[in-house]
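One-letter residues, chain by chain:
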Amino acid sequence: MKHSVLLMTALMMAAPAAADSVAELNERELNAIDANNDGFLSRDEFDAFSDYAYQEMDDDKNGTLGLDEAKPFMDIKMFQKIDRNRDNSISRSEYDSLMNDDFLSADKDRNGQLD
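Just so it is clear, the structure is predicted and the values come from calculations on it, not from any experiment. (Residues numbered from 1 in each chain as written. Predicted model: local features only at pLDDT ≥ 70, side-chain atom pairs only at ≥ 80, totals over all residues. Heavy atoms only, no water.)

**With respect to unusual backbone geometry**
Among all residues except glycine, the phi angle is most often negative; among peptide bonds, the trans geometry is most common.
No. 1: Within the chain, lysine 61 stands out as a residue other than glycine whose phi angle is a positive 55°.
No. 2: Counting through the fold element by element, lysine 61 comes out in the loop between helix 3 (43-57) and strand 2 (64-66).
No. 3: Positive phi is not limited to glycine here, since arginine 110 has a value of about 55°.
No. 4: Here arginine 110 lies in the loop between helix 6 (92-106) and strand 4 (113-114). (Helix = DSSP H or I, 4+ residues; strand = E, 2+ residues; numbered from the N terminus.)

**A few points about the packing of aromatic side chains**
No. 1: All chains considered together, the criterion is met by 3 aromatic pairs.
No. 2: Between the aromatic rings of phenylalanine 49 and tyrosine 52, the centroid separation amounts to 6.4 Å while the plane-to-plane angle is 45°, which identifies the pairing as tilted. Residue phenylalanine 49 and its partner tyrosine 52 are located together in helix 3, separated by 3 residues, close to a single helical turn.
No. 3: Given the relative accessible area of 29%, tyrosine 52 is considered partly exposed. (Phe/Tyr/Trp six-rings, centres within 6.5 Å; stacked < 30°, edge-to-face > 60°. Buried < 20%, exposed > 50% of the residue type's maximum accessible area, 1.4 Å probe, protein only.)

**Focus: the pattern of salt bridges**
No. 1: Scanning the model with the defined rule gives 5 salt bridges in all.
No. 2: For aspartate 68, the salt bridge is made with lysine 71, and the minimal N-O distance between the two is 3.8 Å.
No. 3: Residue class for aspartate 68 comes out exposed when judged on its relative accessible area of 62%.
No. 4: Across the pair aspartate 101 and arginine 84 runs a salt bridge, and its minimum N-O distance is 3.5 Å. Taken as a pair, aspartate 101 in helix 6 and arginine 84 in the loop between helix 5 (76-82) and strand 3 (89-91) lie far apart in primary sequence, 17 residues in all.
No. 5: Salt bridges linked by common partners bring Asp51, Arg92 and Asp96 together as one network. (Salt bridge = Lys/Arg side-chain N within 4 Å of Asp/Glu carboxyl O.)

From the geometry alone we can't say anything about function, so treat these as descriptive.
And the structure:
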C-alpha cells in the first residue's frame, strides 16, 4: 500500500493541473480510494485518502512531516511551498491547506467531486 500512497500523493501534490481528471489516476489506486465505487472521488473520499496518506508519510508518528519523511513523495521545492512557516516540517494544517487547494483546483465544475 505504501507504493499506492506514493503514487497518489505525488499525483495530488504535484500541481493542480496534475489532478485535472480522475482518469489520470491508476485504476487500481482509484478503486482503492473510491469507497462507493461510483467512478468519482467525492470530497469525503479525497479527504479520507489525504488523511491516510499523511499518516502513512509520518513515519515517526510525531504529527509533522520532516524533510526525510517527505522526500519519497515530493521534491524540496514542493516541501518548501507547503512549509509555509518555514520551520522545516510540514504540519497537518499546512498539508491540509495544500490538499484543500488542490481539490478545489481540480473540481472544475464545482460539484464537490473529481470526475
